[in-house]
Amino acid sequence: MMEIFPTQREAILERLLAVDPIKYGTTRNYIQGAVSRLSPYISRGAVSLPYIKENLLSRFSTYQAKPFLQQLAWREYFQRVWWAMGDDIFQDIKHPQPGVRHHQLPKALLEATTGIQLLDQSIQQLMNGGYLHNHLRLYLAMLTCNIGGAHWRMPAQWMYYHLLDGDIASNTLSWQWVAGSFSNKKYYANQDNINHYSKTIQTDSYLQQGYEQLPNLAIPEALKEITQHIFTTPLPICQTPLLDNTLPLALYTSYQLDPHWRAAENLNRLLILAPSHFNKYPVNAQVISFTVELAKNLIPGIQIFVGEVEDIPALSNFPAIYHQQHPLTQHFPGTATSAKWMFPEATYRAQGFFGYWKQCEKTLK
Ligand SMILES: Cc1cc2nc3c(=O)[nH]c(=O)nc-3n(C[C@H](O)[C@H](O)[C@H](O)COP(=O)(O)OP(=O)(O)OC[C@H]3O[C@@H](n4cnc5c(N)ncnc54)[C@H](O)[C@@H]3O)c2cc1C
């Protein structure tokens, strides 16, 4: 089923108010479960984690809200790892990924021909709609890396390219977690598991195996053909922004479309789409238009600048420049507003997620 992601403020708020953490806790692993579909807004900074936490705790008890808060904490944990490790997250983190056979993409991912019916539909859904349930992401990563023997890096780039919620930390670290380079064992799911959580029935596939057999499976024919693929970002052509040099300049990126940030001030507001960023982390046209539409709907007066931050016209003439703290904006000029954390007391100490979650839980009591 294709998902729709509206970009109006009311529709996003409605989606937040529809979150039912009780139902979520019991159904979230099922493809048709009561998941929130908030990720494109969270990843683009349109809704912050502290805001969601506050909203949930105003409507539910801590006990009831916990299953949802724990999933949000995964996101925050991955951001903390990124802050702590920087670009090292693009290398195998804990140990080299075991059993790598190639560093390319299986053609079956590009052509939706893995032979696993649910996953072939999911690939179409990803390419056309830009969103997948967590379990479908897990299955696709598992199939590509642990059954097909791909190193995680290129397939992770493929998935990120299509995701409206594409987030460098969540995506890179999830792929590494599945592939066993950021976890102590690889993740496997067999056809029974896929059938169970998707309520579909396929019985003739190469994943119709017991869990002991899966790690030793010969590479299935459908995953043998591999290819190099170059992803490019179709950046829009925009007019030079009209800026008032007597007012401060507020800089936004595709991860930081926070409508509350400095909302009451009279400022120039500029969304920077930097070619150097999108060359390194390419996204498709759908992601770009979603981002631009979201920015325009949430942030009155925002203009789009396709270029590097240092090339903004008359940059040195503004009385002040503001940006928001983020691993990707450390080179931005001016004053940085601190990043907003849902669990500001919790720290990343190179322990796994559950050690981190224990620190978060303590603050909820
Ligand atoms: C291979 C792989 C790649 C992924 N790539 C991304 C990505 O690029 N961007 C992204 O936001 N998430 C990514 N995830 C995490 C997760 O799949 C999505 O956040 C989630 O499916 C989004 O749907 P939702 O908003 O309906 O989630 P819900 O289940 O409703 O969860 C609510 C929110 O909690 C956070 N969250 C939930 N589960 C996770 C998780 N496992 N890891 C991190 N955060 C989580 C998200 O912000 C999500 O919006 C990836 C997971 C895997 C296995």
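Residues numbered from 1 in each chain as written. Predicted model: local features only at pLDDT ≥ 70, side-chain atom pairs only at ≥ 80, totals over all residues.

### What about the domain arrangement of the chain?
Turning to step 1, where the next piece is worked out: As assigned here, the chain comprises domain 1 (9-89 + 344-364), domain 2 (94-227) and domain 3 (249-333).
Turning to step 2, where the next piece is worked out: Computed over C-alpha atoms only, the centres of domain 2 and domain 3 are separated by 33 Å.
Turning to step 3, where the next piece is worked out: Counting from both sides, the interface comprises 7 residues of domain 2 and, opposite them, 7 residues of domain 3.
Turning to step 4, where the next piece is worked out: For the side of domain 2 that touches domain 3, the element with the most residues is helix H9 (residues 153-162), which contributes 3 residues. (Domains from an automatic or database assignment. Contact = placed C-beta atoms within 7 Å. Helix = DSSP H or I, 4+ residues; strand = E, 2+ residues; numbered from the N terminus.)

### Overview of the pairing of strand S3 (residues 249-252)
Turning to step 1, where the next piece is worked out: What you see with S3 is no split at all: Leu249 and Leu251 on one side and Ala250 and Tyr252 on the other are buried throughout.
Turning to step 2, where the next piece is worked out: As judged from the 4 bridges shared by S3 and strand S4 (residues 268-273), these two strands associate in the parallel manner. Directly across from Leu249, in S4, lies its bridge partner Asn268.
Turning to step 3, where the next piece is worked out: The pairing of S3 with strand S6 (residues 321-324) spans 2 bridges and is classified as parallel. Within the sheet, the bridge partner assigned to Leu249 lies in S6 and is Ile321. (Buried ≥ 20, exposed ≤ 12 C-beta atoms within 10 Å, placed from the backbone. Pairing = 2+ DSSP bridges.)

### Description of unusual backbone geometry
Turning to step 1, where the next piece is worked out: Residue Ala112 is not a glycine yet carries a positive backbone phi of 55 degrees.
Turning to step 2, where the next piece is worked out: Within the secondary structure layout, Ala112 lies in the loop between helix H6 (107-111) and helix H7 (117-129).
Turning to step 3, where the next piece is worked out: The partly exposed category is assigned to Ala112, around which 15 C-beta atoms lie within 10 Å.
Turning to step 4, where the next piece is worked out: Backbone geometry at Lys199 places phi at a positive 50 degrees, although glycine is not the residue there.
Turning to step 5, where the next piece is worked out: Within the secondary structure layout, Lys199 lies in the loop between helix H11 (191-198) and strand S2 (226-227).
Turning to step 6, where the next piece is worked out: For Lys199, a count of 10 C-beta atoms within 10 Å gives the class exposed.

### Remarks on the sheet that holds S4
Turning to step 1, where the next piece is worked out: Strand order across the open sheet formed by 5 strands is S5-S4-S3-S6-S7, with parallel pairing between neighbours. A single partner strand is all that each edge strand has here, and the edge strands are strand S5 (303-306) and strand S7 (335-337). Looking at each pair of strands side by side, their axes are set apart by 30 degrees on average, direction ignored.
Turning to step 2, where the next piece is worked out: In the sheet, S4 pairs with S5 via 4 bridges, with the strands oriented parallel. Note on S5: the bridge partner recorded for Ile272 is Phe305. (Axes fitted to C-alpha atoms, helices over the stretch in contact; angles between N-to-C directions.)

### Focus on H7
Turning to step 1, where the next piece is worked out: The first and last C-alpha atoms of H7 sit 18 Å apart over 13 residues, in line with the 18 Å expected at 1.5 Å per residue.
Turning to step 2, where the next piece is worked out: Regarding H7, the residues found buried are Leu118, Leu119, Ser122, Ile123 and Leu126. Buried residues of H7 fall within an arc of 140 degrees about the axis and therefore sit on the same side. Of the exposed residues in H7, those oriented more than 90 degrees away from the buried face are Gln124 and Asn128.
Turning to step 3, where the next piece is worked out: Those residues of H7 that are buried are in contact with H6, helix H8 (134-147), H9 and H11.
Turning to step 4, where the next piece is worked out: Positive phi appears at Gly130, one or two residues downstream of H7, with a value of about 75 degrees. (Expected span 1.5 Å × (residues − 1). Arc of directions from axis to C-beta.)

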